[in-house]
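# Overview (structure and organization)
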Amino acid sequence: MPDAVDEADVRRIALSLPRTAEKIRWNHPTFDVAGRMFATVPDDATSFAVRCPRHERAELIAAEPAKFWVPPHEAHSAWVRARLAALEDLQELYDILLDSWRQSAPADLADSFTGGDLFS
């Protein structure tokens, strides 16, 4: 069985994406692309938060409630949290971070980055 995904994996993968920088906000590590936040590891580092359009969020949470959730104070935001322990593997973490990165990156940067498979 592979090792559990953790905060260090979030950091390593987020920082591997183009023009990403780490900043501390609210006493948590956050990750920005071209100055726009796309991920954070809040509180006790058992989950991470990413951008998710509100119209997609309810369906995502309904499909995998053990994995995705939104704390009450973030209910009106365009963010969702994912439990690190519920992720299948590093590829799933990469895919989630890449999706959020694409939502935050300038269009020309997002369009020019092919992304793809973490292990290719």
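Everything here concerns the structure above.
Since we're looking at a predicted model, the values are computed, not measured.

The rules behind these values
Residues numbered from 1 in each chain as written. Predicted model: local features only at pLDDT ≥ 70, side-chain atom pairs only at ≥ 80, totals over all residues. Heavy atoms only, no water. Axes fitted to C-alpha atoms, helices over the stretch in contact; angles between N-to-C directions. Helix = DSSP H or I, 4+ residues; strand = E, 2+ residues; numbered from the N terminus. Parallel < 35°, antiparallel > 145°, perpendicular 65-115°, else oblique. Left-handed = near helix turned anticlockwise from the far one by under 90°. Contact = heavy atoms within 4.5 Å. Nonpolar A, V, L, I, M, F, W, Y, C, P; charged D, E, K, R; others polar. Expected span 1.5 Å × (residues − 1). Buried < 20%, exposed > 50% of the residue type's maximum accessible area, 1.4 Å probe, protein only. Polar contact = N/O pair within 3.5 Å; in protein donor to acceptor, adjacent residues only side chain to side chain.

Now for the packing of helix 1 (residues 7-16) against helix 3 (residues 90-104). One can describe the packing of helix 1 onto helix 3 by two numbers: an axis separation of 10 Å at closest approach and a directional angle of 50°. Looking at the two axes, helix 1 sits oblique to helix 3. Note on packing geometry: the crossing formed by helix 1 with helix 3 is right-handed. Facing Asp9, Val10, Arg12, Ile13 and Ala14 of helix 1, the residues of helix 3 in contact are Leu90, Leu93, Tyr94 and Leu97. Per-class residue counts for the contact of helix 1 with helix 3 are seven nonpolar, no polar and two charged.

In this model, helix 3 (15 residues) spans 21 Å end to end at C-alpha, consistent with the 21 Å of a helix rising 1.5 Å per residue. Regarding helix 3, the residues found buried are Gln91, Glu92, Leu93, Tyr94, Ile96, Leu97, Leu98, Ser100, Trp101 and Ser104. For helix 3, the N-terminal capping position is held by Asp89, with its side-chain oxygen 3.1 Å away from the main-chain nitrogen of Gln91.

Below, the discussion takes up unusual backbone geometry. A negative phi holds for most residues other than glycine; trans holds for most peptide bonds. For Asn27, which is not glycine, the phi torsion reads 65° and is therefore positive. Residue placement: Asn27 occurs in the loop between strand 1 (20-25) and strand 2 (28-33). Here Ala34, not a glycine, exhibits a phi torsion of approximately 50°, which is positive. Along the polypeptide, Ala34 turns up in the loop between strand 2 and strand 3 (36-40).

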